[in-house]
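# Coordinates in review
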Amino acid sequence: MNTSPAHSRRDTRSLGAVVAGLEVTRRRIAALQAEELGLLARADAIAAEQTARVPSAERREREMPARAIAAEVGAALRLPDRGMQDRMRDATMLVGGSRRRWRRCGRDGSTARMCG
């Protein structure tokens, strides 16, 4: 094993670059997760708008816009529609609950789930 000072410095610089790159990558991932949450919340808002226009008081009829939108979003993301409905509602609660905290999630490197 080579323990010369020049060799150790070079390894440290390489490791430092790797760690810095990982930190940047985590911040980008968190920003993308925050963006995804915003889009899911918007999809939920569109579903709510469409549901409000349904004249029927029947529960099944009123569920259709949210289910249709969740199915479309879920198909695009390859996730089941029922789970997608939950994710859309969760995103609405998170985004609507504290816009400042939600925006910060994309900048400080924490994941969107941890920001809730």
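From a predicted model like this one, the values you see are computed outputs, not experimental measurements.

### With respect to the environment of glycine 96
Take glycine 96: it is sitting in helix α3 (residues 81-97). Distance in space between the C-alpha atoms of glycine 96 and alanine 41 is 8.3 Å, their sequence separation being 55 residues.

### Focus on the packing of helix α2 (residues 59-77) against α3
It is at 8 Å that the axes of α2 and α3 come closest, and there the two elements cross at 105°. For the element pair α2 / α3, the angle class is roughly perpendicular. The segment α2 lies against α3, with Glu63, Ala66, Arg67, Ile69, Ala70, Ala71, Val73, Gly74 and Leu77 engaging Asp81, Arg82, Met84, Gln85 and Met88. When grouped by side-chain class, the residues that make up the contact of α2 with α3 number eight nonpolar, two polar and four charged.

### Quick look at the side chain of threonine 51
Take threonine 51: it is sitting in helix α1 (residues 5-52). In this structure threonine 51 comes out as buried when scored by relative accessible area, which is 15%. Each residue touching threonine 51, except ones within four places of it in the same chain, is listed here: Arg62, Pro65 and Ala66.

### Some remarks on the confidence of the model for the protein
Close reading of the predicted structure is inappropriate where its pLDDT is low. For the protein, the mean per-residue pLDDT works out to 83, and 73% of the residues sit at or above 70. Ranking the elements of the protein by mean pLDDT puts helix α5 (residues 112-115) last, at 48, and α2 first, at 93. Low pLDDT (under 50) marks residues 109-114, which in the prediction has 12 contacts with non-local residues, meaning those over four places away or in another chain.

### Quick notes on the nonpolar core
With 13 residues, the main nonpolar core has Leu37, Leu40, Ile69, Met84, Met88 and Ala91 as its most contacted residues. Those elements that place two or more of their residues in this core are α1, α2 and α3. Non-local contacts of leucine 40, meaning those with residues more than four positions away in its chain, are made with Val73, Met84, Arg87, Met88 and Ala91.

### So, the pattern of salt bridges
Evaluated as defined, the whole model comprises four salt bridges. Between glutamate 36 and arginine 87 there is a salt bridge, with the nearest N and O atoms lying 3.7 Å from each other. One end of the pair, glutamate 36, is in helix α1; the other, arginine 87, is in helix α3, with 51 residues separating them in the sequence. With relative accessibility at 33%, the residue glutamate 36 sits in the partly exposed group. A relative accessible area of 27% means that arginine 87 is categorised as partly exposed. Between glutamate 49 and arginine 42 there is a salt bridge; the shortest N-O distance is 3.3 Å. Judged by relative accessible area, arginine 42 falls into the partly exposed class, the value being 42%.

Analysis parameters
- Residues numbered from 1 in each chain as written.
- Predicted model: local features only at pLDDT ≥ 70, side-chain atom pairs only at ≥ 80, totals over all residues.
- Heavy atoms only, no water.
- Helix = DSSP H or I, 4+ residues; strand = E, 2+ residues; numbered from the N terminus.
- Axes fitted to C-alpha atoms, helices over the stretch in contact; angles between N-to-C directions.
- Parallel < 35°, antiparallel > 145°, perpendicular 65-115°, else oblique.
- Contact = heavy atoms within 4.5 Å.
- Nonpolar A, V, L, I, M, F, W, Y, C, P; charged D, E, K, R; others polar.
- Buried < 20%, exposed > 50% of the residue type's maximum accessible area, 1.4 Å probe, protein only.
- pLDDT = per-residue confidence, 0-100.
- Core = buried A, V, L, I, M, F, W, Y, C linked by side-chain atoms within 4.5 Å.
- Salt bridge = Lys/Arg side-chain N within 4 Å of Asp/Glu carboxyl O.

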